[in-house]
Amino acid sequence: MEDNKRLNIVITAGPTQEPIDIVRFITNSSTGTFGYMIAQVAKEKGHNVILVSGPTSVKLPDYIEAVQIRTAGQMYETVKRNFYDCDVLIMAAAVCDFRPKQPLVTGKIKKEEGIPILELERTPDTLERLSRIKENQIMVGFALEVSELEEKAKEKLKKKKLDLVIANKISSSVSPFGEKNVDVIIIDKDEKTNPYSDISKKELAAVIVDKVEALSCKGQKIS
Ligand code: CTP
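Below is a summary of the structure that appears in this document.

The rules we used
Residues numbered from 1 in each chain as written. Predicted model: local features only at pLDDT ≥ 70, side-chain atom pairs only at ≥ 80, totals over all residues. Heavy atoms only, no water. Salt bridge = Lys/Arg side-chain N within 4 Å of Asp/Glu carboxyl O. Buried < 20%, exposed > 50% of the residue type's maximum accessible area, 1.4 Å probe, protein only. Helix = DSSP H or I, 4+ residues; strand = E, 2+ residues; numbered from the N terminus. Pairing = 2+ DSSP bridges. Arc of directions from axis to C-beta. Contact = heavy atoms within 4.5 Å. Polar contact = N/O pair within 3.5 Å; in protein donor to acceptor, adjacent residues only side chain to side chain. 1 Å grid on protein atoms, 1.4 Å probe; cavity = no way out; pocket = protein on both sides within 12 Å on 5 of 7 lines; lining within 4 Å. Points joined across faces, edges and corners; volume = space filled by probe spheres on them. Nonpolar A, V, L, I, M, F, W, Y, C, P; charged D, E, K, R; others polar. Phe/Tyr/Trp six-rings, centres within 6.5 Å; stacked < 30°, edge-to-face > 60°. Lys NZ or Arg CZ within 6 Å of the ring centre and 35° of its normal.

**Section: the pattern of salt bridges**
Okay, so step 1: On inspection of all chains with the given rule, the structure shows 13 salt bridges.
Okay, so step 2: Between R24 and D21 there is a salt bridge; the shortest N-O distance is 2.5 Å.
Okay, so step 3: You can call D21 buried: its relative accessible area is 2%.
Okay, so step 4: Residues K189 and D163 are paired through a salt bridge, measuring 3.0 Å at the closest nitrogen-oxygen approach. Separated by 26 residues along the polypeptide, K189 in the loop between β11 (182-188) and β12 (193-199) and D163 in the loop between α4 (149-159) and β10 (164-169) bring together distant segments of the chain.
Okay, so step 5: Classification of D163 by relative accessible area gives buried; the value is 6%.
Okay, so step 6: Several salt bridges share partner residues, and in doing so they unite K45, D210 and E213 into one network.

Rendered as structure tokens:
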């Protein structure tokens, strides 16, 4: 790939874990598969990729630089550190929206002490915070919705000033997790909607990388 087309892409993947005590935590369902696939596709196309990953058991090829994090707070700090120099941020991670307000950071809650009542607080929203300071970075987010998929995904697109949102439907019988084909809609910032039905995650990863290439200033300068 020519240097002037090569993009610096930060991709997040996997869940975050928010500690309750030293052995317990709150997390989200996510295998990390999809974020890792996007990282592989982007790298294989010649882009510079930094993968920021929550805890997963997905194997990653050595040629991808990965920063391992655990919590939503660490996710935010790590992405922010790499944000100024990036052209594209793809937030495929399933970041926990809430965390225990007062985790027991050095101990373990004992049963004898009774049933704990957890007070939760919001975690930093990486996409939302970085959308406030963004310059020319292309920002891609995901939306997982149980109903009114398109409307809610469009709300997220506007609220987080995204260039693209990939919207997935989830219900008790339909789950997008793991290595399986999915039905998604991709909405761009002009609210143009493209549906993709029964598409493999590898193919979808390629569609997303193609779209960010087309959106990037670097790509436009060349073509
Ligand atoms: N996200 C983030 N920081 C968070 C939470 C989410 O950057 N603390 C990102 C995710 O990686 C994803 C998008 O924001 O790209 C999802 O937006 P969000 O509003 O959190 O959607 P849901 O997780 O579906 O939450 P809600 O229950 O509010 O619909």
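**What about the pairing of strand β6 (residues 88-91)?**
Successive residues of a regular strand alternate their side chains across the two faces of the sheet.
Okay, so step 1: Going residue by residue along β6, you find V88 and I90 tucked away on one face and L89 and M91 tucked away on the opposite face as well.
Okay, so step 2: Examined bridge by bridge, strand β1 (residues 8-13) and β6 share four bridges and lie parallel to one another. Among the inter-strand pairings, V10 is bridged to a residue of β6, identified as L89.

**Topic: helix α3 (residues 126-133)**
Okay, so step 1: Listing the buried residues of α3 in full gives T126, L127, L130 and S131. What you see down the axis of α3 is that its buried residues fit within an arc of 125°, all on one side.
Okay, so step 2: Buried positions along α3 lie against α2 (72-83), β6, β9 (138-145) and α4.
Okay, so step 3: One side-chain oxygen at the N-terminal end of α3 lies 3.2 Å from the backbone nitrogen of L127; it belongs to D125.

**Examining the layout of surface pockets**
Okay, so step 1: Here the largest pocket is characterised by a volume of approximately 980 Å³.
Okay, so step 2: A93, A94, V95, F142 and L144 are, among the 40 residues lining the largest pocket, the residues nearest its centre.
Okay, so step 3: For the lining of the largest pocket, the secondary-structure elements that each account for two or more residues are α1 (33-44), α3, β9, α4 and α5 (201-215).
Okay, so step 4: Per-element accounting of the lining of the largest pocket gives the leading share, five residues, to β9.
Okay, so step 5: Approximately 160 Å³ is the volume found for the second largest pocket.
Okay, so step 6: Considering the residues around the second largest pocket, the lining is formed by I20, P100, K101, Q102, P103, L104, I109, E113, I117, L118 and E119.
Okay, so step 7: For the lining of the second largest pocket, the residue count by class is seven nonpolar, one polar and three charged.

**Notes on the packing of aromatic side chains**
Okay, so step 1: The full count for this structure, using the stated rule, is one aromatic pair.
Okay, so step 2: Ring centres 5.8 Å apart and planes at 80° place the aromatic pair F34 and F142 in the edge-to-face group. Of the two residues, F34 sits in helix α1 while F142 sits in strand β9, which places them 108 residues apart along the sequence.
Okay, so step 3: The ring of Y76 is capped by R129, whose NZ or CZ atom sits 4.9 Å from the centre of that ring.

Read these as layout, nothing more, since geometry by itself doesn't imply function.
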